[in-house]
Amino acid sequence: MSLRNMMLADAKQIATNLHEFGEAVTYYTRDGDARDISVVVVRDALDMLPEAGDVTSTLFQVYVANDSTVGITRDEIDRGGDYIEFPIGNGKEPTRRSIIRILEEDDAMMVLECR
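Quick look at the structure, then. Source: prediction; values computed, not measured.

1. What to know about a nonpolar patch on the surface
Part 1 of the reasoning: Taken together, the side chains of M1, L3, M6 and M7 define a hydrophobic patch exposed on the protein surface, amounting to about 490 Å² of accessible area.
Part 2 of the reasoning: With respect to the helices and strands, the residue L3 is situated in helix 1 (residues 3-16).
Part 3 of the reasoning: The exposed category is assigned to L3, whose relative accessible area is 59%.

Right, here's the structure in full:
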């Protein structure tokens, strides 16, 4: 196995390891299919929505394995139609958040913007 392949495998393992950084969430497609995956959610960003009169909206960054078995692939995502369900904070009930766009992507991981 090459160094590159070992690093890609390690990146996927970090995001999907529930004992380290990952957390279990549910991914919903536009068609209503659902599956449980492990991701890392960053919950501390706010964004201004000028088209809505400068209303603020909570922006979530979701780090997910770029993999159809343990994560999501680019080809699967229907931006604006697919959702990820997770709690917005400790002790909160999970809610569905729309996948707005792919912020970053490589062979191992994607960073998704969810609102």
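2. Observations regarding the nonpolar core
Part 1 of the reasoning: V62, I72, I77, I84 and L112 are the most contacted members of the largest nonpolar core, which totals 17 residues.
Part 2 of the reasoning: Broken down by secondary-structure element, the contributors of at least two residues to this core are strand 1 (23-28), strand 2 (34-49), strand 3 (55-65), strand 4 (83-87), strand 5 (94-105) and strand 6 (109-114).
Part 3 of the reasoning: If we ignore the near neighbours within four places in the chain, the residues touching V62 are V39, V40, V41, I84, F86, M110, V111, L112 and C114.

3. Topic: the pairing of strand 4
Part 1 of the reasoning: In this sheet, strand 4 lies alongside strand 1 in antiparallel orientation, the contact comprising three bridges. Note on strand 4: the bridge partner recorded for Y27 is I84.

4. Brief notes about the environment of Q13
Part 1 of the reasoning: Of note, Q13 is situated in helix 1.
Part 2 of the reasoning: Classification of Q13 as partly exposed rests on a relative accessible area of 46%.
Part 3 of the reasoning: In this structure, the C-alpha to C-alpha distance between Q13 and V70, residues 57 residues apart in sequence, is 9.4 Å.

5. Quick notes on the pattern of salt bridges
Should the charged atoms of two oppositely charged side chains come close, the side chains can pair.
Part 1 of the reasoning: Under the definition given, this model contains seven salt bridges.
Part 2 of the reasoning: Of the charged contacts in the structure, one is a salt bridge between R43 and E23, with a shortest N-O distance of 2.8 Å. Of this pair, R43 sits in strand 2 while E23 sits in strand 1, placing them 20 residues apart in sequence.
Part 3 of the reasoning: As a salt-bridge pair, E85 and R96 come within 4.0 Å of each other at their nearest N and O atoms. In this pair, E85 sits in strand 4 while R96 sits in strand 5, placing the two residues eleven residues apart along the sequence.
Part 4 of the reasoning: Connected through shared salt-bridge partners, R101, E113 and R115 make up one network.

Each value, and the rule that gives it
- Residues numbered from 1 in each chain as written.
- Predicted model: local features only at pLDDT ≥ 70, side-chain atom pairs only at ≥ 80, totals over all residues.
- Heavy atoms only, no water.
- Patch = residues over 30% accessible without salt bridge, like charges linked within 9 Å, V, L, I, M, F, W, Y side chains within 5 Å.
- Areas by Shrake-Rupley, 256 points an atom, 1.4 Å probe, with all protein chains shown as cover.
- Salt bridge = Lys/Arg side-chain N within 4 Å of Asp/Glu carboxyl O.
- Helix = DSSP H or I, 4+ residues; strand = E, 2+ residues; numbered from the N terminus.
- Buried < 20%, exposed > 50% of the residue type's maximum accessible area, 1.4 Å probe, protein only.
- Core = buried A, V, L, I, M, F, W, Y, C linked by side-chain atoms within 4.5 Å.
- Contact = heavy atoms within 4.5 Å.
- Pairing = 2+ DSSP bridges.

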